[in-house]
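One letter stands for each residue in the lines below.
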Amino acid sequence: MRLSKPDVHAGDDGRSLRGPPGPLLRIFKDPRVLFVLVGGVNTVFSTALFAALVLALGPDVPASVSVLIAWTVSLVCVFFVYRRLVFRVNGHVWRDLMRFAGVNSVSLLANLGLITWLVDVSGMPAIPTQIGITCAIVAFNYLAHKHFSFRRRKASATEEDGR
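Report on the accompanying structure. Please read all numbers here as calculations on a predicted model, not as lab measurements. (Residues numbered from 1 in each chain as written. Predicted model: local features only at pLDDT ≥ 70, side-chain atom pairs only at ≥ 80, totals over all residues. Heavy atoms only, no water.)

### Brief notes about the packing of helix 4 (residues 93–121) against helix 5 (residues 126–149)
In a packed pair of helices, the relevant descriptors are the angle between the two axes and the axis-to-axis distance.
Phase 1 of the analysis: At their nearest, the axes of helix 4 and helix 5 sit 10 Å apart, and the two run at 155° to each other. On the basis of their axis angle, the class for helix 4 and helix 5 is roughly antiparallel. Crossing angle aside, the handedness with which helix 4 passes helix 5 is right-handed. Together, Asp96, Arg99, Phe100, Val103, Asn104, Val106, Ser107, Asn111, Leu114, Ile115, Leu118 and Val119 of helix 4 and Ala126, Thr129, Gln130, Ile133, Ile137, Phe140, Asn141, Ala144, His145, Phe148 and Ser149 of helix 5 make up the contact between the two elements. (Axes fitted to C-alpha atoms, helices over the stretch in contact; angles between N-to-C directions. Helix = DSSP H or I, 4+ residues; strand = E, 2+ residues; numbered from the N terminus. Parallel < 35°, antiparallel > 145°, perpendicular 65-115°, else oblique. Left-handed = near helix turned anticlockwise from the far one by under 90°. Contact = heavy atoms within 4.5 Å.)

The following block contains the structure:
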């Protein structure tokens, strides 16, 4: 019995994405917009989780513990949302997760390094500098996740289609 080919739709670069467009892609059309929206919701979730952890763990536990827990939980959650709703890929879950975590770790370290250098060393104002860094990191993350974390080779996509 031959499996039918999955539906495909055009991504922002004209290449096909796997599966039919989900309800959010039907509304927003551009996966870059959806990436930013999902990231924004994840930021709110992560911040709320951080606050809840700080309150639950109390003042005897360093805030950095709450940051690490919130960052890890939100990273795993947003991985599955990006995977399913934005980049629409199947298979290779562990490989994708390790790549995704690596990209996000690089982004976190870059943010820390840039904010330290630009604000603490160079004397730039903290808030506008962080906004600029965040914009650059969002663009980097989108491209890195698209072309590295969730990348699929044509042969891999063919194997997954059952062709």
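### A short note on the pattern of salt bridges
Two side chains bearing opposite charge may form a pair once their charged atoms approach each other closely.
Phase 1 of the analysis: Counted under the stated rule, the structure contains 4 salt bridges.
Phase 2 of the analysis: In this structure, Arg83 and Asp96 form a salt bridge, with 2.5 Å as the shortest nitrogen-oxygen distance. With Arg83 in helix 3 (residues 63–86) and Asp96 in helix 4, this pair connects stretches of sequence that are 13 residues apart.
Phase 3 of the analysis: Linking Arg152 and Asp96 is a salt bridge whose minimum nitrogen-to-oxygen distance equals 2.6 Å. Here the residue Arg152 occupies a position in the loop between helix 5 and helix 6 (154–161), and Asp96 occupies one in helix 4, the gap between them amounting to 56 residues. Accessibility classification places Arg152 together with Asp96 in one group, the buried group. (Salt bridge = Lys/Arg side-chain N within 4 Å of Asp/Glu carboxyl O. Buried < 20%, exposed > 50% of the residue type's maximum accessible area, 1.4 Å probe, protein only.)

### Some details on the nonpolar core
Phase 1 of the analysis: Membership of the largest hydrophobic core comes to 15 residues, with the highest contact counts inside it found for Phe35, Val38, Tyr82, Val86, Phe87, Phe100 and Phe150.
Phase 2 of the analysis: For this core, the secondary structure elements donating two or more residues are helix 2 (31–57), helix 3 and helix 4.
Phase 3 of the analysis: Looking at which element gives the most residues to this core, the answer is helix 3, with 5 residues.
Phase 4 of the analysis: Beyond its immediate sequence surroundings of up to four residues, Phe150 is in contact with Phe79, Tyr82, Arg83, Phe87, Val89, Asp96, Phe100 and His145. (Core = buried A, V, L, I, M, F, W, Y, C linked by side-chain atoms within 4.5 Å.)

### Describing the packing of aromatic side chains
Ring pairs (aromatic) are described by centroid distance and by the angle formed between their planes.
Phase 1 of the analysis: Applying the stated criterion across every chain, the model contains 11 aromatic pairs.
Phase 2 of the analysis: Where Phe35 meets Phe87, the ring centres are 6.1 Å apart and the plane angle is 70°; that geometry is what we call edge-to-face. Note that Phe35 is positioned in helix 2 and Phe87 in the loop between helix 3 and helix 4, a separation of 52 residues in sequence. Across the pair, exposure class does not vary: Phe35 and Phe87 are buried alike.
Phase 3 of the analysis: Site record: aromatic cluster; members linked through ring pairs are Phe35, Phe79, Phe80, Tyr82, Phe87, Phe100, Tyr142 and Phe150.
Phase 4 of the analysis: Lying over the aromatic face of Phe148, Arg99 brings its terminal NZ or CZ to 4.7 Å of the ring centre. (Phe/Tyr/Trp six-rings, centres within 6.5 Å; stacked < 30°, edge-to-face > 60°. Lys NZ or Arg CZ within 6 Å of the ring centre and 35° of its normal.)

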